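Here are the chains, one letter per residue:
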Amino acid sequence: MAFRKSIRSRRGRKKIHKDFELQLTSMMDILVIILVFLLKSYSTSTNSFSSVPGIKLPISKSQEMPPDSLHLIVTPEAIMFETQRVVEFVQTADALNGGQPTYAFKTEDIDEGGMRITRLYDALNSAREKAEALRAKSPARDANGNPLPFDGILAIQADKRVKYDTLRKVMYTAGAAQFRVFRLLAMKQEQ
Amino acid sequence: MLKRPSSRRRSNHAEVTLNLVPMLDALVTMISFLMYTMAFLSLTMIESPLPMVSSEENVQQLKERPLQLTITVNEKDLLIWSPFDLIPQTTIPNKEDQSPDLLKLHETLIGIKQKYPTETKLILVPKGSTSYDLIVSVIDAAKNLDKTDPVISVKNEKTGVEEQSKYLFGEVVFGNLLGGDE
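Residues numbered from 1 in each chain as written. Chains lettered and ligands numbered in written order. Predicted model: local features only at pLDDT ≥ 70, side-chain atom pairs only at ≥ 80, totals over all residues.

Participant: Let's hear about the overall build of chain A: which residues, and what values?
Facilitator: Per the secondary structure count, chain A includes 5 helices and 8 strands. Out of the 191 residues belonging to chain A, those deemed buried represent 26%. For chain A, restricting intrachain contacts to residue pairs at least 6 apart in sequence, the fraction spanning at least 24 positions comes to 59%. (Helix = DSSP H or I, 4+ residues; strand = E, 2+ residues; numbered from the N terminus. Buried ≥ 20, exposed ≤ 12 C-beta atoms within 10 Å, placed from the backbone. Contact = placed C-beta atoms within 7 Å.)

Participant: I'd like a rundown of the overall build of chain B, residues and numbers included.
Facilitator: Within chain B, the secondary structure is distributed over 5 helices and 8 strands. In sequence order, chain B lays out its α and β elements as α-α-β-α-β-β-β-α-β-α-β-β-β. The burial tally for chain B puts 22% of its 182 residues in the buried class. Across chain B, the fraction of contacts at a sequence separation of at least 24, relative to all contacts at a separation of at least 6, is 64%.

Participant: Got a sec to walk through the sheet that holds strand β2 (residues 70-73) of chain B? Specific residues and values, please.
Facilitator: All names here are of chain B. If you trace the 5 strands from one edge of the open sheet to the other, you get β4-β3-β2-β5-β8, paired in mixed fashion. The open sheet has two edge strands with one neighbour each: β4 (90-93) and β8 (171-174). Neighbour-to-neighbour, the strand axes of the sheet open up by a mean angle of 20°, direction not taken into account. Bridge analysis of strand β5 (residues 121-126) against β8 gives 4 bridges, and the strand direction is parallel. Of the residues in β8, the one forming a bridge with Lys 121 is Glu 171. Each of β3 (77-81) and β4 touches helix α4 (residues 102-115); the most contacted strand, β4, lies at about 160° to it. (Pairing = 2+ DSSP bridges. Axes fitted to C-alpha atoms, helices over the stretch in contact; angles between N-to-C directions.)

Participant: Describe the pairing of β5(B), with residues and values.
Facilitator: All names here are of chain B. The buried fraction of β5 is high, at 5 of 6 residues. Bridging between β2 and β5 involves 4 bridges; their strand directions are parallel. Following the sheet pairing, Thr 72 is matched in β5 by Val 125.

Participant: Could you give me a rundown of the nonpolar core, with the residues and numbers involved?
Facilitator: With 64 residues, the main nonpolar core has A:Ile156, A:Val170, B:Ile71, B:Leu124, B:Val138 and B:Ala142 as its most contacted residues. Each residue touching A:Val170, except ones within four places of it in the same chain, is listed here: A:Leu72, A:Val74, A:Ile79, A:Ile117, A:Leu120 and A:Ile156. (Core = buried A, V, L, I, M, F, W, Y, C linked by C-beta atoms within 7 Å.)

Participant: So what's going on with the environment of A:Glu82? Which residues, and what values?
Facilitator: Residues and elements named next belong to chain A. The residue Glu 82 is located in the loop between β3 (78-81) and β4 (84-88) in this model. For Glu 82 and Ala 127, which are 45 residues apart along the polypeptide, the C-alpha to C-alpha distance reads 9.5 Å. For Glu 82, the residues in contact, after removing those within four places along its chain, are Leu 70, His 71 and Ala 127.

Participant: Which residues make up the interface of chain B and chain A, and what values do they have?
Facilitator: Contact with chain B, which involves 37 residues of that partner, is made by 44 residues of chain A. Looking at the side of chain B that touches chain A, the elements with two or more residues in it are α2 (21-37), β1 (43-49) and α5 (132-143) of chain B. The element best represented in the side of chain B that touches chain A is α2(B), accounting for 8 residues. Taken together, the residues of the side of chain B that touches chain A sort by class into 24 nonpolar, 9 polar and 4 charged. (Nonpolar A, V, L, I, M, F, W, Y, C, P; charged D, E, K, R; others polar.)

Participant: An account of the packing of helix α4 (residues 118-137) of chain A against helix α5 (residues 164-176) of chain A is requested, with residue identities and associated values reported.
Facilitator: Residue and element names in this part refer to chain A. Relative orientation of the contacting elements α4 and α5 amounts to 40°, with a least axis distance of 9 Å. The angle between the axes of α4 and α5 places the two elements in the oblique class. Helix-helix and strand crossings are classified by hand; for α4 and α5 the assignment is right-handed. Judged by residue contacts, Leu 120, Tyr 121 and Leu 124 of α4 engage Val 170, Thr 173, Ala 174 and Ala 176 from α5. Taken together, the residues of the contact of α4 with α5 break down into 6 nonpolar, 1 polar and no charged. (Parallel < 35°, antiparallel > 145°, perpendicular 65-115°, else oblique. Left-handed = near helix turned anticlockwise from the far one by under 90°.)

Participant: Provide a residue-level description of the pairing of strand β8 (residues 181-188) of chain A, including the pertinent values.
Facilitator: Sheet topology note: the strand β1 (residues 59-60) of chain A/β8(A) ladder contains 2 bridges and is parallel. Directly across from A:Ile59, in β8(A), lies its bridge partner A:Met187. Here 4 bridges tie strand β7 (residues 153-158) of chain A to β8(A), and the two strands are oriented parallel to one another. Bridging from a neighbouring strand, A:Leu154 pairs with A:Phe182 of β8(A). The parallel pair β7(A) and β8(A) is bridged by α5(A), and the resulting crossover is right-handed. As paired elements, β8(A) and β1(B) share 7 bridges and run antiparallel to each other. Bridge pairing links A:Ala186 to B:Thr44 in β1(B). (Right-handed = clockwise from strand over helix to strand, strands pointing away.)

Participant: How would you summarise the confidence of the model for chain B if you had to cite specific residues and measurements?
Facilitator: Summarising the model, chain B shows a mean pLDDT of 85, and 85% of its residues fall at 70 or more. The complex model carries a pTM of 0.78, and its ipTM stands at 0.77. (pLDDT = per-residue confidence, 0-100.)

Participant: I'd like a description of unusual backbone geometry, backed by residues and values.
Facilitator: Residues and elements named next belong to chain B. The phi dihedral of Gln 68 falls on the positive side, at around 45°, and the residue is not glycine. Mapped onto the elements, Gln 68 comes out in the loop between α3 (56-61) and β2. For Gln 68, a count of 17 C-beta atoms within 10 Å puts it in the partly exposed group. Positive phi, close to 70°, is recorded for Gln 98, a residue that is not glycine.

The structure is reproduced here in structure tokens:
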């Protein structure tokens, strides 16, 4: 019985012709459409800013593209500088369960009357020294033949719920580490 | 001589089939590259320099008193003022839903800009409890000109030609960054 069934099923199978060719034209159409869409929406900016999960950026009408620079992210849990977790905020049970984050610093992490974040200052200072050393080695010179000065630009990406008190401490610390220009990053509002 | 009926349909040229496989390979590679390098995060920026501390002597030496347009973001209102009282102090109370009246702020600032078209600086003084979201909204209202706003012309000092101002008050500085008012 099983033998007969097997023969029937063999007979029922359609033979694949040797000259069978996969129709690629429709696939090509789809790929070309995707390619055109990607090229149209391709951003020519050279920045490599990335975000982290759990952070909601504010929306801004500004249309200025942020050029590449040193990058700091204020997340509900910590402050990250160049993808390195530098300072962690005080975590409460409510914040850990998805409630309002505290954005409060540990006492040992701040000095200068509660304005300067020590670990962040060390990280920023180290980054500045590195940048200055690179510029000293670079052949690019100013009119007097001196190495180009440190640009001191810091891009800050923060959750929209962050209070100014926290941002002020971050910017104060960056100012102490000779960062002179802050670029507050936001999501671009569609026009 | 006529061809045989059986050979009429035969052609010397075989049916040409375009080999799409290499093209497909190239397309897939290009799409992969674009998707890998594409910035899906559409970011924008608001630039703000670190404020410079000036002594009282420096201020007294100034020939002309600067406007130093300042916006204080309070919990219940927005306060527009100038330390040298060049403009009347204006208080913009929050709307009924307790959100700041950014439209009114924008309109008031347009009036000030029309009076002082060359002024570009704005000092922002938020409270410690002000959210980043609100700071960005206030800067947006104070910095950018909308398409529906009246045209503000500024004389270009280099060329002497009247040019349309792109920004309302383009340079935003945090006034209390280095300490001072909460």
